[in-house]
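# Results of the structural survey
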Amino acid sequence: QVMDGVMAGIPFVRVAASGWPIFTMLAIFSDLNKGLWFFGGDRKYLRGYSDWNLRRDELSPLTPAALDFLTAPWMDAAAGNAELLAQMPASEYASTVHALASKREEADGPMRPIVRGLVDAALGV
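### Looking at the packing of aromatic side chains
Per the stated rule, a full pass over the model turns up one aromatic pair. Geometrically, the ring pair formed by F69 and W74 is edge-to-face, given 4.8 Å between the ring centres and 75° between the ring planes.

### Things to note about the pattern of salt bridges
Evaluated as defined, the whole model comprises eight salt bridges. Put simply, E105 and R116 hold a salt bridge, and the shortest N to O gap is 2.8 Å. Placement of E105 in helix 5 (residues 90-108) and of R116 in helix 6 (residues 113-124) is noted, with a sequence separation of 11 residues between them. D120 is the partner of R116 in a salt bridge, and the nearest nitrogen-oxygen pair spans 3.9 Å. Here the residue R116 and the residue D120 both occupy positions in helix 6, the gap between them amounting to four residues, near one helical turn. A relative accessible area of 40% means that D120 is categorised as partly exposed.

### Side note on helix 4 (residues 72-86)
In an α-helix, one full turn covers 3.6 residues, which means residues spaced three or four apart are oriented alike. Over its 15 residues, helix 4 extends 21 Å from the first C-alpha to the last, a length consistent with the 21 Å expected when each residue adds 1.5 Å. Among all positions in helix 4, only W74, A78, N81 and L85 are buried. The buried side chains of helix 4 occupy one side of the element, clustering within an arc of 60° when seen end-on. Facing away from the buried side of helix 4 by over 90 degrees, the exposed positions are D76, E83 and A86. Check the buried side of helix 4 and you find it contacts helix 5.

### Regarding the packing of helix 4 against helix 5
Contact geometry of helix 4 with helix 5 gives a least axis separation of 10 Å together with a crossing angle of 155°. On the basis of their axis angle, the class for helix 4 and helix 5 is roughly antiparallel. Mapping the contact onto sequence places N81, L84 and L85 in helix 4 and Y93, T96, V97 and L100 in helix 5. Partitioning the contact of helix 4 with helix 5 into residue classes produces five nonpolar, two polar and no charged.

About the criteria used
- Residues numbered from 1 in each chain as written.
- Predicted model: local features only at pLDDT ≥ 70, side-chain atom pairs only at ≥ 80, totals over all residues.
- Heavy atoms only, no water.
- Phe/Tyr/Trp six-rings, centres within 6.5 Å; stacked < 30°, edge-to-face > 60°.
- Salt bridge = Lys/Arg side-chain N within 4 Å of Asp/Glu carboxyl O.
- Helix = DSSP H or I, 4+ residues; strand = E, 2+ residues; numbered from the N terminus.
- Buried < 20%, exposed > 50% of the residue type's maximum accessible area, 1.4 Å probe, protein only.
- Expected span 1.5 Å × (residues − 1).
- Arc of directions from axis to C-beta.
- Contact = heavy atoms within 4.5 Å.
- Axes fitted to C-alpha atoms, helices over the stretch in contact; angles between N-to-C directions.
- Parallel < 35°, antiparallel > 145°, perpendicular 65-115°, else oblique.
- Nonpolar A, V, L, I, M, F, W, Y, C, P; charged D, E, K, R; others polar.

Okay, structure coming up:
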């Protein structure tokens, strides 16, 4: 009854055209509420960020591994990278990420595949 009342007051066409997966999410919540698992397949492929098996030095793969995680020098380096990348035009973003990743790999050796995948995902955005 609650959902009927909510949905009755919302213009369907406007919501459906918004681009947000609202109705898909409502179906997921409905299934979860019934104790059903909405997604098929192996749950290991639906891991969240906190489930990644990352080491402390891999949480910021463009920051030198020699800097201890969450120390003042690490935070300065990570913040500097973030500010640099956030202000950059898209054309320079990819080349700068590649350069920072290459610098890190030259200093610390190759990245593990899971970390390389994160860097590649950032480049795919």
